[in-house]
Amino acid sequence: MSEPITFTVYRGSPTGKITPSTTSRHLQHNEIHITATHSGICGTDEHFLHAGCVLGHEGIGTVTALGPGVTNHQVGDRVGFAYIRSVCGTCDNCTRGLDQYCRVKRAYGTHDFDVGSFAHGTVWDASCVFPILEALDSADAAPLMCAGATVWSCLTQNGMRVNDRVGVLGIGGLGHLAIKLASALGYQVVALSGSEKKREEARGFGAEEFHALSGVKEGDVRPLKHLLVCGSGSEDYTKLIPLMDTTGTIYHMAVSFDTTPVPTLPLLSKGVRIQGSFITSRNNLQELLEFAARKKIRPMVVKYPFGVEGIENAMQDLRDGKVRYRAVLVPQEERNGYK
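The structure displayed is predicted, hence computed values, not measured ones. (Residues numbered from 1 in each chain as written. Predicted model: local features only at pLDDT ≥ 70, side-chain atom pairs only at ≥ 80, totals over all residues. Heavy atoms only, no water.)

A few words now on the overall build of the protein chain. Secondary structure assignment for the protein chain yields nine helices and 18 strands. Compactness check: the protein chain gives a C-alpha radius of gyration of 20 Å against a globular reference of 20 Å for 339 residues, within 12% of the reference. Overall size of the protein chain, expressed as C-alpha extent along the three principal axes, is 65 × 45 × 40 Å. Counting only residues that meet the buried cut, the protein chain has 54% of its 339 residues in that class. For the protein chain, restricting intrachain contacts to residue pairs at least 6 apart in sequence, the fraction spanning at least 24 positions comes to 69%. Carbon and sulfur atoms make up 50% of the accessible area of the protein chain, which totals about 14600 Å². (Helix = DSSP H or I, 4+ residues; strand = E, 2+ residues; numbered from the N terminus. Rg over C-alpha atoms; globule rule 2.2 N^0.38 Å. Buried < 20%, exposed > 50% of the residue type's maximum accessible area, 1.4 Å probe, protein only. Contact = heavy atoms within 4.5 Å. Areas by Shrake-Rupley, 256 points an atom, 1.4 Å probe, with all protein chains shown as cover.)

Any two side chains of opposite charge can pair if their charged atoms end up close together. Evaluation of the coordinates by the stated rule reveals 10 salt bridges. Residue Arg-103 is joined to Asp-92 by a salt bridge in which the shortest nitrogen-to-oxygen separation is 3.7 Å. With Arg-103 in the loop between α2 (92-95) and β7 (106-107) and Asp-92 in helix α2, this pair connects stretches of sequence that are 11 residues apart. The partly exposed category is assigned to Asp-92, whose relative accessible area is 45%. In this structure, the salt-bridge partner of Glu-334 is Lys-303, at a minimum N-O distance of 3.4 Å. Remark: Lys-303 occurs in strand β16 (residues 301-305) and Glu-334 occurs in the loop between β17 (326-330) and β18 (337-338); sequence separation between them is 31 residues. Judged by its relative accessible area of 24%, Glu-334 is partly exposed. (Salt bridge = Lys/Arg side-chain N within 4 Å of Asp/Glu carboxyl O.)

With that settled, consider the sheet that holds strand β11 (residues 188-193). Read from one edge to the other, the open sheet built from six strands follows the order β12-β11-β10-β13-β14-β15, with strand pairing classed as parallel. Pairing within the sheet leaves two strands with one partner each, and these edge strands are β12 (209-212) and β15 (273-276). Sheet twist, expressed as the mean angle between neighbouring strand axes with direction ignored, is 20 degrees. Judged from the four bridges that link them, strand β10 (residues 165-169) and strand β13 (residues 224-229) form a sheet pairing that is parallel. Across the sheet, the residue bridging to Val-166 is His-226, located in β13. The strands touched by helix α4 (residues 173-184) within the sheet are β10, β11 and β13, with β11 carrying the most contacts at an inclination of about 165 degrees. (Pairing = 2+ DSSP bridges. Axes fitted to C-alpha atoms, helices over the stretch in contact; angles between N-to-C directions.)

As a further point, take the nonpolar core. In summary, soluble globular proteins display a tendency toward joint burial of nonpolar side chains. Counting residues in each nonpolar core, the largest one holds 89 residues, and the members touching the most others are Leu-55, Val-151, Ile-179 and Leu-228. A per-element tally of this core places helix α3 (residues 138-156) first, with 12 residues. Among the nonpolar cores identified, the runner-up in size contains 15 residues, and Val-190, Val-221, Leu-224 and Met-244 belong to it. (Core = buried A, V, L, I, M, F, W, Y, C linked by side-chain atoms within 4.5 Å.)

Right, let's get into α4. Along its 12 residues, α4 runs 17 Å from first to last C-alpha, staying within 8% of the 16 Å computed at 1.5 Å per residue. Most of α4 is tucked away, with 10 of its 12 residues classed as buried. Here α4 has its buried residues at Gly-173, Leu-174, Gly-175, His-176, Leu-177, Ala-178, Ile-179, Lys-180, Leu-181 and Ala-182. (Expected span 1.5 Å × (residues − 1).)

Another point: the pairing of strand β1 (residues 5-11). Within β1, five of the seven residues are buried, which leaves it mostly tucked inside the rest of the structure. Pairing between β1 and strand β2 (residues 19-25): seven bridges, direction antiparallel. Bridge pairing in β2 places Thr-6 opposite Ser-24.

See the structure below:
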């Protein structure tokens, strides 16, 4: 057996403090070692902050070692790694291209607390690692691995068509990417927010319309065929259902452990559906990376230095709503600030 690979990782802790540590791994069949250079920060990281696991699942880095049986990557490749760490490749979901639902998959925060993208290195299954095209900057590519992938899956896997009226509620880390991608796909994008303060930015991202929900009455907005709820995890559906077209669909994108009441009578009277949308499959994520490179889709990011202080500052800014719009950990030599 080859010598183990040792690398520095950053974990959450019971107190909520970020804790650096080292871990060592032997490369198993079809595993690769990645020297991580960039990592996006996701709201899901907050949910795992007290679990003691290595945080992060929006990683970009360089392949530095190959385990036995690896054929699809080479040392020196720039790659991305995301929420799903490995899949069986043989179950019904995998063979139907729905591998995000693989029955035996390993995902962020499960089975192995020693790997993640808040680290200077990681070990990942080579089948769940994605080549990053030269046209994508690493700091821009990182948020696509989860935030971009989540909204892309919803926008491309649910029968949306060119010229459909697609609403995006919440102009934040998920929402601004949803607007950019939906616009590039040819949908009529309607941005919805709690106030007027993001009107100009939403229009700049590609929204054809903007409405502040605080002033909207039923009938003010032409009905939406689809609505992505990208903001708070607990929305008031009594205010959202009247915005929908007959047989329209609301997709709940934000993660929350709160109970959200849903009024059933308005759903029945208009045939509106409320649907979950899980993070995308491997094929779909690769399509996103190629689409973003070709269409020059770039998230707005704030850069923080890779390390304990940078992680803690970024996560505090995320809690305080100060990140516009995605936080990305970068090497110390990269300039901090807006991208």
